[in-house]
Amino acid sequence: VRTRVAIVGAGPAGLMLAHLLASDGIESVVIDRRSRSEIERTIRAGILEQATVELLETTGASSRVRTVGTRHDGIELRFAGEGHRIDFAGLTGRGVWLYPQHEVLKDLLEVRLAAGQEIRFGMTALRVEDPDSAQPRVIASDPEGRPVTIEADFVVGADGSHSVVRQSVSGSHAGYFREYPFAWFGILCEAPPSSDELIYSNSPHGFALVSQRSASVQRMYLQCDPELDPESMSEREIWDQLQLRVDGHTLAEGPIFQRDVLRFRSFVAHELVTGRTALIGDAAHTVPPTGAKGMNLAIADVVLLHRALAALLRANDARPLESFTTVALERIWKAQHFSWWMTSMLHTAPDASDFDRRRQEGELRAVVGSESARRFLAECYTGWPFTTEL
Ligand code: DHB
(Lines give C-alpha, C1' and ligand atoms only; values in the text may rest on other atoms or scores of the structure.)
Protein backbone atom coordinates (compact mmCIF):
# COMPACT_ATOMS: atom_id res chain seq x y z
CA VAL A 1 0.00 0.00 0.00
CA ARG A 2 1.31 3.45 -0.87
CA THR A 3 -0.11 6.75 0.41
CA ARG A 4 1.00 10.27 1.29
CA VAL A 5 0.16 10.12 5.01
CA ALA A 6 -0.17 6.85 6.95
CA ILE A 7 -2.27 7.45 10.06
CA VAL A 8 -2.26 4.79 12.78
CA GLY A 9 -5.44 5.00 14.89
CA ALA A 10 -9.03 5.81 13.90
CA GLY A 11 -9.87 7.78 17.05
CA PRO A 12 -10.86 11.45 17.06
CA ALA A 13 -7.27 12.61 16.33
CA GLY A 14 -6.54 10.26 13.43
CA LEU A 15 -9.91 10.68 11.72
CA MET A 16 -9.97 14.45 12.13
CA LEU A 17 -6.46 14.69 10.68
CA ALA A 18 -7.51 12.59 7.66
CA HIS A 19 -10.52 14.88 7.27
CA LEU A 20 -8.48 18.12 7.31
CA LEU A 21 -5.78 16.69 4.99
CA ALA A 22 -8.48 15.67 2.50
CA SER A 23 -9.71 19.27 2.36
CA ASP A 24 -6.23 20.16 0.99
CA GLY A 25 -6.28 17.27 -1.45
CA ILE A 26 -3.72 15.30 0.59
CA GLU A 27 -4.59 11.62 0.50
CA SER A 28 -4.13 9.42 3.56
CA VAL A 29 -4.76 5.87 4.77
CA VAL A 30 -6.04 5.31 8.32
CA ILE A 31 -5.56 1.94 10.00
CA ASP A 32 -6.99 0.71 13.31
CA ARG A 33 -6.82 -2.68 14.95
CA ARG A 34 -10.48 -2.41 16.01
CA SER A 35 -13.60 -2.97 13.91
CA ARG A 36 -15.86 -0.06 12.98
CA SER A 37 -18.52 -1.10 15.49
CA GLU A 38 -15.96 -1.44 18.30
CA ILE A 39 -14.75 2.09 17.58
CA GLU A 40 -18.30 3.43 17.56
CA ARG A 41 -19.11 1.70 20.87
CA THR A 42 -16.09 2.93 22.85
CA ILE A 43 -17.46 4.98 25.75
CA ARG A 44 -15.08 7.84 26.49
CA ALA A 45 -15.23 11.55 27.24
CA GLY A 46 -18.31 13.69 26.91
CA ILE A 47 -17.27 17.35 26.90
CA LEU A 48 -16.19 19.39 23.87
CA GLU A 49 -14.61 22.82 24.09
CA GLN A 50 -16.25 25.57 22.06
CA ALA A 51 -13.30 25.63 19.61
CA THR A 52 -13.67 21.86 19.04
CA VAL A 53 -17.37 22.29 18.28
CA GLU A 54 -16.67 25.17 15.89
CA LEU A 55 -14.04 23.10 14.07
CA LEU A 56 -16.31 20.05 13.73
CA GLU A 57 -19.02 22.28 12.36
CA THR A 58 -17.07 24.56 9.99
CA THR A 59 -15.16 21.67 8.41
CA GLY A 60 -18.32 19.62 7.85
CA ALA A 61 -17.08 16.88 10.19
CA SER A 62 -20.27 16.80 12.26
CA SER A 63 -23.64 18.30 11.49
CA ARG A 64 -25.18 16.82 14.65
CA VAL A 65 -22.96 18.35 17.33
CA ARG A 66 -25.16 21.45 17.73
CA THR A 67 -28.49 19.65 17.38
CA VAL A 68 -27.83 16.47 19.39
CA GLY A 69 -25.21 18.00 21.70
CA THR A 70 -26.20 20.38 24.47
CA ARG A 71 -24.45 23.57 25.44
CA HIS A 72 -23.34 23.93 29.07
CA ASP A 73 -22.64 27.41 30.37
CA GLY A 74 -21.17 26.37 33.71
CA ILE A 75 -20.44 23.62 36.23
CA GLU A 76 -21.06 23.19 39.93
CA LEU A 77 -18.18 22.68 42.36
CA ARG A 78 -19.47 21.04 45.56
CA PHE A 79 -17.68 20.70 48.87
CA ALA A 80 -18.61 20.81 52.56
CA GLY A 81 -22.22 20.08 51.61
CA GLU A 82 -22.70 23.15 49.39
CA GLY A 83 -22.71 23.83 45.67
CA HIS A 84 -20.94 26.76 44.01
CA ARG A 85 -21.59 27.57 40.35
CA ILE A 86 -18.75 28.47 38.01
CA ASP A 87 -20.47 30.62 35.40
CA PHE A 88 -18.43 30.00 32.22
CA ALA A 89 -20.59 32.21 30.00
CA GLY A 90 -20.59 35.13 32.43
CA LEU A 91 -16.85 34.85 33.17
CA THR A 92 -15.49 34.14 29.68
CA GLY A 93 -18.35 34.51 27.17
CA ARG A 94 -17.69 30.89 26.22
CA GLY A 95 -19.29 27.52 26.91
CA VAL A 96 -18.72 23.80 26.35
CA TRP A 97 -20.86 21.11 24.68
CA LEU A 98 -21.90 17.79 26.06
CA TYR A 99 -21.58 15.48 23.05
CA PRO A 100 -20.14 12.00 23.66
CA GLN A 101 -16.89 11.06 21.95
CA HIS A 102 -18.43 7.99 20.28
CA GLU A 103 -20.93 10.30 18.55
CA VAL A 104 -18.01 12.38 17.23
CA LEU A 105 -16.49 9.13 15.96
CA LYS A 106 -19.72 8.05 14.24
CA ASP A 107 -19.93 11.43 12.49
CA LEU A 108 -16.29 11.39 11.39
CA LEU A 109 -16.42 7.79 10.15
CA GLU A 110 -19.58 8.48 8.16
CA VAL A 111 -18.22 11.66 6.54
CA ARG A 112 -14.82 10.17 5.72
CA LEU A 113 -16.13 6.86 4.36
CA ALA A 114 -18.72 8.71 2.22
CA ALA A 115 -15.86 10.77 0.76
CA GLY A 116 -13.97 7.60 -0.20
CA GLN A 117 -11.41 7.74 2.63
CA GLU A 118 -9.44 4.53 2.96
CA ILE A 119 -9.86 3.24 6.51
CA ARG A 120 -8.54 -0.26 7.19
CA PHE A 121 -10.31 -1.77 10.21
CA GLY A 122 -8.88 -4.83 11.97
CA MET A 123 -5.37 -3.84 10.87
CA THR A 124 -2.79 -3.95 13.67
CA ALA A 125 0.30 -1.73 13.41
CA LEU A 126 3.43 -3.64 14.46
CA ARG A 127 6.20 -1.09 13.96
CA VAL A 128 7.44 1.90 11.98
CA GLU A 129 10.50 1.44 9.79
CA ASP A 130 12.91 4.20 8.72
CA PRO A 131 11.04 7.04 10.49
CA ASP A 132 13.98 9.37 9.73
CA SER A 133 13.99 8.75 5.99
CA ALA A 134 11.90 10.39 3.27
CA GLN A 135 9.98 7.09 2.89
CA PRO A 136 8.90 5.87 6.32
CA ARG A 137 6.84 2.67 6.45
CA VAL A 138 4.24 1.20 8.77
CA ILE A 139 4.42 -2.58 9.07
CA ALA A 140 1.03 -3.95 10.04
CA SER A 141 -0.85 -7.22 10.12
CA ASP A 142 -4.27 -7.61 8.46
CA PRO A 143 -7.32 -9.33 10.05
CA GLU A 144 -6.04 -12.72 8.79
CA GLY A 145 -2.59 -12.09 10.30
CA ARG A 146 -0.88 -11.44 6.95
CA PRO A 147 1.81 -8.75 6.90
CA VAL A 148 1.02 -5.46 5.13
CA THR A 149 3.46 -2.62 4.45
CA ILE A 150 2.17 0.93 4.13
CA GLU A 151 4.69 3.24 2.48
CA ALA A 152 4.16 6.95 2.99
CA ASP A 153 5.74 10.40 2.88
CA PHE A 154 4.78 10.84 6.51
CA VAL A 155 3.59 8.61 9.38
CA VAL A 156 1.31 9.81 12.19
CA GLY A 157 0.84 7.92 15.47
CA ALA A 158 -2.71 8.67 16.67
CA ASP A 159 -2.89 5.27 18.32
CA GLY A 160 -3.62 6.13 21.93
CA SER A 161 -1.72 5.91 25.18
CA HIS A 162 -0.21 2.48 24.40
CA SER A 163 0.99 3.81 21.03
CA VAL A 164 2.87 1.30 18.91
CA VAL A 165 4.21 4.17 16.81
CA ARG A 166 5.69 5.85 19.88
CA GLN A 167 7.24 2.62 21.17
CA SER A 168 8.67 1.95 17.75
CA VAL A 169 10.32 5.36 17.27
CA SER A 170 11.32 6.31 20.81
CA GLY A 171 10.78 3.44 23.26
CA SER A 172 7.74 3.00 25.50
CA HIS A 173 8.95 5.01 28.51
CA ALA A 174 10.38 8.01 26.69
CA GLY A 175 8.37 10.71 28.42
CA TYR A 176 7.47 12.73 31.50
CA PHE A 177 5.23 10.64 33.67
CA ARG A 178 3.09 10.85 36.81
CA GLU A 179 0.75 8.34 38.41
CA TYR A 180 -2.10 8.95 40.87
CA PRO A 181 -3.15 6.75 43.78
CA PHE A 182 -6.78 6.59 42.61
CA ALA A 183 -9.00 5.85 39.63
CA TRP A 184 -12.59 6.51 38.56
CA PHE A 185 -15.36 3.96 38.72
CA GLY A 186 -17.64 5.06 35.86
CA ILE A 187 -21.24 4.01 35.32
CA LEU A 188 -23.93 4.55 32.72
CA CYS A 189 -27.49 4.42 34.02
CA GLU A 190 -31.02 4.81 32.76
CA ALA A 191 -32.31 7.86 34.59
CA PRO A 192 -33.24 11.47 33.95
CA PRO A 193 -30.53 14.11 34.59
CA SER A 194 -29.97 14.88 38.26
CA SER A 195 -29.08 18.52 37.62
CA ASP A 196 -28.92 21.00 34.74
CA GLU A 197 -25.12 21.14 34.83
CA LEU A 198 -22.26 18.78 35.72
CA ILE A 199 -21.42 18.48 39.42
CA TYR A 200 -17.78 18.04 40.53
CA SER A 201 -17.99 17.06 44.19
CA ASN A 202 -15.26 16.87 46.80
CA SER A 203 -16.29 14.97 49.92
CA PRO A 204 -14.73 13.20 52.90
CA HIS A 205 -15.72 9.92 51.18
CA GLY A 206 -13.86 10.82 47.97
CA PHE A 207 -14.66 12.60 44.72
CA ALA A 208 -17.77 12.12 42.58
CA LEU A 209 -18.72 13.55 39.19
CA VAL A 210 -22.31 13.74 38.01
CA SER A 211 -22.28 13.96 34.22
CA GLN A 212 -24.89 13.24 31.55
CA ARG A 213 -25.31 11.58 28.18
CA SER A 214 -28.93 12.32 27.17
CA ALA A 215 -32.39 12.97 28.58
CA SER A 216 -32.62 9.30 29.61
CA VAL A 217 -28.98 8.14 30.09
CA GLN A 218 -26.58 9.55 32.68
CA ARG A 219 -22.84 9.11 33.23
CA MET A 220 -21.42 9.25 36.76
CA TYR A 221 -18.02 8.61 38.29
CA LEU A 222 -16.76 7.75 41.78
CA GLN A 223 -13.17 8.06 42.94
CA CYS A 224 -11.99 4.51 43.68
CA ASP A 225 -8.98 2.29 44.27
CA PRO A 226 -7.27 1.53 40.92
CA GLU A 227 -7.56 -2.19 41.74
CA LEU A 228 -11.35 -2.09 42.33
CA ASP A 229 -13.27 -4.85 40.54
CA PRO A 230 -16.20 -2.99 38.92
CA GLU A 231 -18.47 -5.99 39.55
CA SER A 232 -17.72 -6.05 43.28
CA MET A 233 -20.24 -3.32 44.20
CA SER A 234 -24.02 -3.81 44.12
CA GLU A 235 -26.21 -1.17 42.44
CA ARG A 236 -27.44 -0.16 45.91
CA GLU A 237 -23.85 0.34 47.14
CA ILE A 238 -22.99 2.43 44.08
CA TRP A 239 -26.00 4.73 44.52
CA ASP A 240 -25.36 5.05 48.25
CA GLN A 241 -21.75 6.05 47.60
CA LEU A 242 -22.72 8.55 44.90
CA GLN A 243 -25.41 10.03 47.11
CA LEU A 244 -23.05 10.27 50.09
CA ARG A 245 -20.47 12.10 48.01
CA VAL A 246 -22.82 14.74 46.55
CA ASP A 247 -24.29 15.29 49.97
CA GLY A 248 -27.08 17.89 50.03
CA HIS A 249 -28.08 17.17 46.42
CA THR A 250 -30.54 14.39 45.56
CA LEU A 251 -29.66 12.12 42.62
CA ALA A 252 -32.27 10.56 40.32
CA GLU A 253 -31.50 6.81 40.42
CA GLY A 254 -32.05 4.17 37.75
CA PRO A 255 -30.73 0.82 36.47
CA ILE A 256 -26.95 0.74 35.90
CA PHE A 257 -26.10 -0.89 32.56
CA GLN A 258 -22.40 -0.27 32.19
CA ARG A 259 -19.44 -0.15 34.58
CA ASP A 260 -15.75 0.53 34.01
CA VAL A 261 -12.64 1.56 35.95
CA LEU A 262 -10.51 4.34 34.44
CA ARG A 263 -6.89 4.58 35.51
CA PHE A 264 -5.33 8.00 35.93
CA ARG A 265 -2.00 9.17 34.65
CA SER A 266 -0.23 12.21 33.32
CA PHE A 267 2.22 11.66 30.48
CA VAL A 268 4.00 13.79 27.87
CA ALA A 269 6.30 12.14 25.31
CA HIS A 270 9.84 13.54 25.11
CA GLU A 271 9.67 13.69 21.30
CA LEU A 272 6.56 14.55 19.30
CA VAL A 273 8.36 14.44 15.96
CA THR A 274 11.07 12.00 14.85
CA GLY A 275 12.09 12.59 11.25
CA ARG A 276 8.97 12.01 9.21
CA THR A 277 6.89 10.59 12.06
CA ALA A 278 4.72 12.57 14.48
CA LEU A 279 2.64 11.70 17.55
CA ILE A 280 -0.72 13.31 18.35
CA GLY A 281 -3.49 12.83 20.91
CA ASP A 282 -3.06 10.24 23.67
CA ALA A 283 -0.05 8.77 21.85
CA ALA A 284 1.77 12.05 22.60
CA HIS A 285 0.23 12.88 25.97
CA THR A 286 -2.28 11.58 28.48
CA VAL A 287 -4.12 13.67 31.07
CA PRO A 288 -6.18 12.52 34.05
CA PRO A 289 -9.87 12.90 33.10
CA THR A 290 -10.90 15.60 35.61
CA GLY A 291 -11.67 18.68 33.52
CA ALA A 292 -12.29 16.76 30.27
CA LYS A 293 -9.20 17.93 28.37
CA GLY A 294 -8.17 14.71 26.60
CA MET A 295 -10.10 14.76 23.34
CA ASN A 296 -9.95 18.55 23.03
CA LEU A 297 -6.18 18.48 23.36
CA ALA A 298 -6.03 15.81 20.65
CA ILE A 299 -8.05 18.02 18.29
CA ALA A 300 -5.79 21.00 19.03
CA ASP A 301 -2.76 18.86 18.05
CA VAL A 302 -4.52 17.93 14.80
CA VAL A 303 -5.13 21.55 13.83
CA LEU A 304 -1.41 22.30 14.22
CA LEU A 305 -0.09 19.14 12.59
CA HIS A 306 -2.44 19.62 9.66
CA ARG A 307 -0.88 23.06 9.07
CA ALA A 308 2.63 21.61 9.28
CA LEU A 309 1.86 18.70 6.93
CA ALA A 310 0.11 20.91 4.38
CA ALA A 311 3.25 23.11 4.20
CA LEU A 312 5.56 20.09 4.01
CA LEU A 313 3.66 18.01 1.50
CA ARG A 314 2.27 20.73 -0.76
CA ALA A 315 5.00 23.41 -0.67
CA ASN A 316 7.96 21.31 0.46
CA ASP A 317 8.32 23.75 3.38
CA ALA A 318 9.56 21.94 6.52
CA ARG A 319 9.71 25.00 8.77
CA PRO A 320 6.18 24.70 10.23
CA LEU A 321 6.97 21.08 11.19
CA GLU A 322 10.09 22.31 12.99
CA SER A 323 7.95 24.66 15.15
CA PHE A 324 5.16 22.11 15.69
CA THR A 325 6.64 20.59 18.87
CA THR A 326 7.29 23.91 20.61
CA VAL A 327 3.86 25.33 19.80
CA ALA A 328 1.96 22.12 20.60
CA LEU A 329 3.82 21.61 23.90
CA GLU A 330 2.78 25.03 25.17
CA ARG A 331 -0.90 24.03 25.12
CA ILE A 332 -0.16 20.46 26.22
CA TRP A 333 1.58 21.62 29.41
CA LYS A 334 -1.17 24.16 30.18
CA ALA A 335 -3.72 21.34 29.87
CA GLN A 336 -1.47 19.05 31.95
CA HIS A 337 -1.44 21.66 34.69
CA PHE A 338 -5.22 22.19 34.59
CA SER A 339 -5.99 18.45 34.65
CA TRP A 340 -3.54 17.87 37.51
CA TRP A 341 -4.96 20.88 39.42
CA MET A 342 -8.61 19.84 39.09
CA THR A 343 -7.64 16.28 40.05
CA SER A 344 -5.61 17.25 43.12
CA MET A 345 -8.06 19.94 44.27
CA LEU A 346 -11.09 17.64 44.13
CA HIS A 347 -9.88 14.13 45.05
CA THR A 348 -8.96 12.76 48.46
CA ALA A 349 -5.51 11.17 48.50
CA PRO A 350 -5.57 7.84 50.42
CA ASP A 351 -2.76 9.09 52.67
CA ALA A 352 -4.16 12.63 53.16
CA SER A 353 -3.52 14.06 56.63
CA ASP A 354 -5.87 16.37 58.53
CA PHE A 355 -3.64 19.22 57.40
CA ASP A 356 -4.00 18.17 53.75
CA ARG A 357 -7.81 18.00 53.99
CA ARG A 358 -8.12 21.41 55.63
CA ARG A 359 -5.69 22.95 53.15
CA GLN A 360 -7.75 21.51 50.29
CA GLU A 361 -10.95 23.03 51.65
CA GLY A 362 -9.08 26.34 51.95
CA GLU A 363 -8.08 26.06 48.31
CA LEU A 364 -11.67 25.35 47.21
CA ARG A 365 -12.98 28.27 49.29
CA ALA A 366 -10.33 30.55 47.81
CA VAL A 367 -11.31 29.52 44.26
CA VAL A 368 -15.08 29.87 44.61
CA GLY A 369 -14.67 33.10 46.59
CA SER A 370 -12.55 34.86 43.98
CA GLU A 371 -13.87 36.04 40.63
CA SER A 372 -10.31 35.96 39.27
CA ALA A 373 -9.84 32.33 40.32
CA ARG A 374 -13.25 31.32 38.96
CA ARG A 375 -12.40 33.04 35.67
CA PHE A 376 -9.07 31.17 35.49
CA LEU A 377 -10.88 27.87 35.98
CA ALA A 378 -13.52 28.83 33.39
CA GLU A 379 -10.86 29.87 30.83
CA CYS A 380 -9.02 26.57 31.19
CA TYR A 381 -12.20 24.48 31.14
CA THR A 382 -13.72 26.16 28.07
CA GLY A 383 -10.29 25.99 26.41
CA TRP A 384 -7.69 28.27 24.94
CA PRO A 385 -8.20 29.36 21.30
CA PHE A 386 -6.79 26.95 18.71
CA THR A 387 -3.64 28.34 17.08
CA THR A 388 -2.56 27.62 13.54
CA GLU A 389 0.48 29.93 13.69
CA LEU A 390 3.65 27.87 13.14
C1 DHB B 1 -17.03 13.61 31.60
C2 DHB B 1 -15.72 13.25 31.81
C3 DHB B 1 -14.86 14.13 32.42
O4 DHB B 1 -13.58 13.80 32.63
C5 DHB B 1 -15.28 15.38 32.83
O6 DHB B 1 -14.41 16.21 33.44
C7 DHB B 1 -16.58 15.75 32.60
C8 DHB B 1 -17.45 14.85 31.99
C9 DHB B 1 -17.95 12.66 30.96
O10 DHB B 1 -17.54 11.56 30.59
O11 DHB B 1 -19.15 12.98 30.84
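Read on for a plain summary of the structure. Computed from a predicted model, the values in this text were never measured in an experiment.

### Regarding the overall build of the chain
Link 1 in the chain: On a plain count of helices and strands, the chain comes out with 12 helices and 20 strands.
Link 2 in the chain: Taken over C-alpha atoms, the radius of gyration comes to 21 Å for the chain, in line with the 21 Å a tight globule of 390 residues would show.
Link 3 in the chain: Principal-axis analysis of the C-alpha atoms gives the chain an extent of 60 × 45 × 40 Å.
Link 4 in the chain: Out of the 390 residues belonging to the chain, those deemed buried represent 44%.

### Some points on the sheet that holds strand β9 (residues 124–129)
Link 1 in the chain: Pairing in this open sheet of 3 strands is antiparallel, and the strands run β9-β10-β11 from one edge to the other. Lying at the two open borders of the sheet, with one neighbouring strand each, are β9 and β11 (147–151). Each neighbouring strand pair of the sheet contributes to a mean axis angle of 25°, computed without reference to strand direction.
Link 2 in the chain: Note: β9 against strand β10 (residues 137–141), 5 bridges, orientation antiparallel. Bridging across to β10, Glu129 finds its partner in Arg137.

### Structural notes on the site of the ligand
Link 1 in the chain: The ligand sits among Ala45, Gly46, Ile47, Leu198, Leu209, Ser211, Arg219, Pro289, Thr290, Gly291 and Ala292.
Link 2 in the chain: When its residues are assigned to classes, the shell around the ligand shows 6 nonpolar, 4 polar and 1 charged.

### Here we look at the nonpolar core
Link 1 in the chain: Counting 104 residues, the largest nonpolar core has Ile7, Val8, Leu17, Val156 and Ile280 as the members making the most contacts within it.
Link 2 in the chain: Looking at this core element by element, the count peaks at 11 residues for helix α9 (residues 294–315).
Link 3 in the chain: Among all residues touching Val156, those that are not within four sequence positions of it are Val5, Ile7, Val8, Leu17, Ala278 and Ile280.

### With respect to the packing of α9 against helix α10 (residues 319–346)
Link 1 in the chain: Running from N to C, α9 and α10 point in directions that differ by 170°, and their axes come no closer than 9 Å. One element, α9, and the other, α10, form an angle in the roughly antiparallel class. Within the contact between the two elements, α9 uses Leu297, Ala300, Asp301, Leu304, Leu305, Arg307, Ala308, Ala311 and Leu312 and α10 uses Pro320, Leu321, Phe324, Val327, Ala328, Arg331, Ile332 and Ala335.
Link 2 in the chain: Residues belonging to the contact of α9 with α10 are distributed by class as follows: 14 nonpolar, no polar and 3 charged.

### Re unusual backbone geometry
Link 1 in the chain: In this structure, Ala80 takes a positive phi of about 50° despite not being glycine.
Link 2 in the chain: Within the secondary structure, Ala80 is located in the loop between β5 (74–79) and β6 (82–87).
Link 3 in the chain: A positive phi angle is found at Ala292, which is not glycine, with a value near 60°.
Link 4 in the chain: Mapping Ala292 onto the fold places it in the loop between β20 (285–286) and α9.

What counts and what doesn't
- Residues numbered from 1 in each chain as written.
- Predicted model: local features only at pLDDT ≥ 70, side-chain atom pairs only at ≥ 80, totals over all residues.
- Helix = DSSP H or I, 4+ residues; strand = E, 2+ residues; numbered from the N terminus.
- Rg over C-alpha atoms; globule rule 2.2 N^0.38 Å.
- Buried ≥ 20, exposed ≤ 12 C-beta atoms within 10 Å, placed from the backbone.
- Pairing = 2+ DSSP bridges.
- Axes fitted to C-alpha atoms, helices over the stretch in contact; angles between N-to-C directions.
- Near = placed C-beta within 6 Å.
- Nonpolar A, V, L, I, M, F, W, Y, C, P; charged D, E, K, R; others polar.
- Core = buried A, V, L, I, M, F, W, Y, C linked by C-beta atoms within 7 Å.
- Contact = placed C-beta atoms within 7 Å.
- Parallel < 35°, antiparallel > 145°, perpendicular 65-115°, else oblique.

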